[in-house]
Amino acid sequence: MTSTSEPGAHYAVSAIGRDRPGIVAAISEALLALNGNIEDSRMAILRGHFAVMLIVSLPAGVGRQELEGRLAPLREQLGLEAVSVGEVEPLAAATPAATHVLSVYGADHPGIVHTVTSTLAERGANVVDLQTRLTGEGEKALYVMVLELTLAGETDAAALEAALAAVAEGAQIEVSLRPLETEAL
């Protein structure tokens, strides 16, 4: 979608519901009717539920109430569990580019995400993207987590690896930190 009007406000739009064909088409149609532009998005199916997060710009003069009014009927029409709209301030700085990839594998148990992300935060690593997936069932369930990280200039990759190795031993998981190869993207 391309907006031909001068820019107005930016909104975060999110929706979740049982997966079915047409959710993206219906949401994007509602945005197009307002001459809205989808600037950033993330969409995924998580255990049969479709989740979408969008950053949308609307032309000057089109406000939150109009956006919510266009999206509200979709909740019932598509059987969505939730649709939300929140105004966001556009940031001057772009999202930091990922510099490293962290892979985590282990037997599923509570606390894996918290333990790993706490260690990253303590050492100044910024999580740019995080995806998890549970594979298998029962005692053979394997928890897989892949994170894209930005290591700031003051973040020592070797010290971070050592801290993650200690976490891995305590949480009985395997971790692998490696530089992100931009050519592979």
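Residues numbered from 1 in each chain as written. Predicted model: local features only at pLDDT ≥ 70, side-chain atom pairs only at ≥ 80, totals over all residues. Heavy atoms only, no water.

1. Section: the pattern of salt bridges
So, step 1. Tallied over the full model, the rule gives three salt bridges.
So, step 2. Salt-bridge contacts for Arg-42 lead to Asp-129; the nearest nitrogen and oxygen are separated by 3.1 Å. With a gap of 87 residues between them, Arg-42 in strand S2 (residues 37-46) and Asp-129 in strand S6 (residues 125-135) connect regions that are remote in the sequence.
So, step 3. Overall, Arg-42 belongs to the partly exposed group, its relative accessible area being 43%. (Salt bridge = Lys/Arg side-chain N within 4 Å of Asp/Glu carboxyl O. Helix = DSSP H or I, 4+ residues; strand = E, 2+ residues; numbered from the N terminus. Buried < 20%, exposed > 50% of the residue type's maximum accessible area, 1.4 Å probe, protein only.)

2. Section: helix H3 (residues 112-122)
So, step 1. Of the positions making up H3, those classed as buried are Ile-112, Val-116, Thr-119 and Leu-120. Mapping the buried residues of H3 onto a view down its axis gives an arc of 100°, with all of them on the same face. Residues of H3 that are exposed and point over 90 degrees away from its buried face: His-114, Ala-121 and Glu-122.
So, step 2. Taken together, the buried residues of H3 touch strand S5 (100-107), S6, strand S7 (142-151), helix H4 (157-171) and strand S8 (173-179). (Arc of directions from axis to C-beta. Contact = heavy atoms within 4.5 Å.)

3. Examining the packing of helix H1 (residues 23-33) against helix H2 (residues 64-78)
So, step 1. Contact geometry for H1 and H2: axes closest at 9 Å, N-to-C directions at 160°. In terms of orientation, H1 lies roughly antiparallel with respect to H2. With respect to the hand of their crossing, H1 and H2 are arranged in right-handed fashion. In this structure, H1 uses Ile-23, Ala-26, Ile-27, Ala-30, Leu-31 and Ala-33 to contact H2, whose residues at the interface are Leu-67, Arg-70, Leu-71, Leu-74 and Leu-78.
So, step 2. Its residues placed into classes, the contact of H1 with H2 shows ten nonpolar, no polar and one charged. (Axes fitted to C-alpha atoms, helices over the stretch in contact; angles between N-to-C directions. Parallel < 35°, antiparallel > 145°, perpendicular 65-115°, else oblique. Left-handed = near helix turned anticlockwise from the far one by under 90°. Nonpolar A, V, L, I, M, F, W, Y, C, P; charged D, E, K, R; others polar.)

Coordinates in, geometry out; function isn't part of it.
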